[in-house]
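Reading the structure
These are the residues of each chain, in order.
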Amino acid sequence: VIPGSLMTRFGFFNLAHAWTFANWQRAFDSPEFGHALFNTVEIAVISAIVAPLLFSVVAYVLVRAQLTWGRGLLDFLLWLPSVVPGALAGLGLLWMFVGTPIFRPIYGTIWVLVIAVILSGMTLSTQTLKAAFLQLRADLEESARMSGAGWIRTYFRIVLPLIAPTLVVVAAIKFMYAANAASNIILLATSETRTLSLLALNFVADGQRESATVVTVVITALTTGMAILVRTLGLNVGIRSNR
């Protein structure tokens, strides 16, 4: 164990015994840690799966739809979430889920946080996929339809494999965003749906800065592992040219 006095010379003056495994044991022994870790992974994985597929359809409509005014309006609406602060967006979602009878039953569940995370990153996700679609010519889709394939089959058999690397990138972005989300979900989370980022804030508020640091390191490890996985998958998915 490295003495904590070395750490206190670099700005962390109030941390006693910073370099010790006792901080890790204290954080891991917390009854909220395991639950928060499971919630974080669940939200991040669901968002990484749903968001690329959902926003790929939206991006496809923006690029291929014939109604120019409709595409412009949709594109404008997709940019709005990027200019709204996270806390304000979370407040708006809170009002929507509490005040709308159809959404009220899912308030307090993990699905509320999934929806908030997916909607918060729609601008970046859609524009990234839109750029991928703009690089695809419509000839392949027209050929598939002339051969008898419907829109759904053409989309899943022709279009999505061609943009698979971009889908993987968007999935990674959503995973990392969900793992670090705090401001846009803080008003929507409950004690049962608390994530690691919110748990870190709770530790800081309780004066347990060492435990908060451990939780932050765990979040960093999750996002780093996802980045490495994406780097591996990004080179082996989709349709590639073997030369």
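The rules behind each value
- Residues numbered from 1 in each chain as written.
- Predicted model: local features only at pLDDT ≥ 70, side-chain atom pairs only at ≥ 80, totals over all residues.
- Heavy atoms only, no water.
- Helix = DSSP H or I, 4+ residues; strand = E, 2+ residues; numbered from the N terminus.
- Buried < 20%, exposed > 50% of the residue type's maximum accessible area, 1.4 Å probe, protein only.
- Areas by Shrake-Rupley, 256 points an atom, 1.4 Å probe, with all protein chains shown as cover.
- 1 Å grid on protein atoms, 1.4 Å probe; cavity = no way out; pocket = protein on both sides within 12 Å on 5 of 7 lines; lining within 4 Å.
- Points joined across faces, edges and corners; volume = space filled by probe spheres on them.
- Phe/Tyr/Trp six-rings, centres within 6.5 Å; stacked < 30°, edge-to-face > 60°.
- Core = buried A, V, L, I, M, F, W, Y, C linked by side-chain atoms within 4.5 Å.
- Contact = heavy atoms within 4.5 Å.
- Axes fitted to C-alpha atoms, helices over the stretch in contact; angles between N-to-C directions.
- Left-handed = near helix turned anticlockwise from the far one by under 90°.
- Nonpolar A, V, L, I, M, F, W, Y, C, P; charged D, E, K, R; others polar.
- Parallel < 35°, antiparallel > 145°, perpendicular 65-115°, else oblique.
- Patch = residues over 30% accessible without salt bridge, like charges linked within 9 Å, V, L, I, M, F, W, Y side chains within 5 Å.
- Salt bridge = Lys/Arg side-chain N within 4 Å of Asp/Glu carboxyl O.
- pLDDT = per-residue confidence, 0-100.

This next bit is on the overall build of the protein chain. Assigned secondary structure in the protein chain consists of 11 helices and zero strands. Secondary structure of the protein chain in N-to-C order comes out as α-α-α-α-α-α-α-α-α-α-α. Residues classed as buried in the protein chain amount to 38% of the 243 residues present. For the protein chain, the accessible area works out to roughly 14,000 Å², and carbon and sulfur atoms hold 68% of it.

The volume enclosed by the second largest pocket comes to roughly 220 Å³. If you trace the second largest pocket, you find 14 residues lining it, with P81, V84, A89, L119 and S120 closest to the centre.

This brings us to the packing of aromatic side chains. One pass over the structure, following the stated rule, counts six aromatic pairs. Seen in terms of ring centroids, F28 and F33 are 4.9 Å apart; in terms of plane orientation they differ by 50°. Their pairing is tilted. Ring geometry for Y60 and Y155: centres 5.3 Å apart, planes at 80°, overall edge-to-face. Within this pair, whereas Y60 is found in helix α2 (residues 31-64), its partner Y155 is found in helix α8 (residues 151-162), the two being separated by 95 residues in sequence. When sorted by exposure, Y60 lands in the same class as Y155, which is buried. Among the aromatic residues, those joined into a cluster by ring pairs are Y60, F133, Y155 and F156.

Another aspect to go through is the nonpolar core. Membership of the largest hydrophobic core comes to 45 residues, with the highest contact counts inside it found for I43, L113, L129, F133, I163, I185 and L188. Where this core is concerned, the elements lending two or more residues are α2, α4 (86-99), α5 (110-120), α6 (122-134), α8, α9 (164-180) and α11 (209-234). The element best represented in this core is α2, accounting for 11 residues. Grouped together as the second largest cluster of nonpolar side chains are 11 residues, A179, L196, L199 and A200 included.

This paragraph deals with the side chain of T154. Along the chain, T154 turns up in helix α8. Those residues within four positions of T154 in sequence are excluded, and the remaining contacts are E141, A144, R145, A149 and V159.

Here we come to the packing of helix α7 (residues 139-146) against α8. One can describe the packing of α7 onto α8 by two numbers: an axis separation of 10 Å at closest approach and a directional angle of 145°. α7 and α8 meet at a crossing whose hand is right-handed. For the pair α7 and α8, the contacting residues are L140, E141, A144 and R145 in the first and W151, T154, I158, V159 and L162 in the second. Here the contact of α7 with α8 is built from residues that sort into six nonpolar, one polar and two charged.

Taken N-terminus to C-terminus, the directions of α6 and α9 make an angle of 170°; their axes are 10 Å apart at the nearest point. In terms of their interaxial angle, α6 and α9 are classed as roughly antiparallel. Counted together, L124, S125, T128, L129 and A132 of α6 and T166, L167, V170, I173 and K174 of α9 form the full contact between these two elements. When grouped by side-chain class, the residues that make up the contact of α6 with α9 number six nonpolar, three polar and one charged.

On the surface, L73, F76, L77, L80, V83, V84 and L88 cluster together into a nonpolar patch covering about 650 Å² of accessible area. Here the nonpolar patch gets three residues from one element, more than from any other, and that element is helix α3 (residues 68-79). Assignment of secondary structure puts L73 in helix α3. Looking at L73, the relative accessible area reads 46%, which means it is partly exposed.

With that settled, the discussion passes to the confidence of the model for the protein chain. Summing up the model confidence of the protein chain, the mean pLDDT is 80 and the portion of residues at 70 or higher is 86%. Mean pLDDT in the protein chain bottoms out at α7, which sits at 75, and peaks at α2, which reaches 90. Segment residues 1-13: pLDDT under 50, and 12 contacts once partners within four positions in sequence are set aside and those in other chains are kept.

A separate point is the environment of F76. In this fold, F76 is placed in helix α3. Along the sequence, F76 and T123 sit 47 residues apart, while their C-alpha atoms lie 9.8 Å from each other.

Within the secondary structure, W79 sits in helix α3. Residue W79 is classed as partly exposed on the basis of its relative accessible area of 42%. Sequence separation between W79 and Q127 is 48 residues, and the spatial gap between their C-alpha atoms is 9.3 Å.

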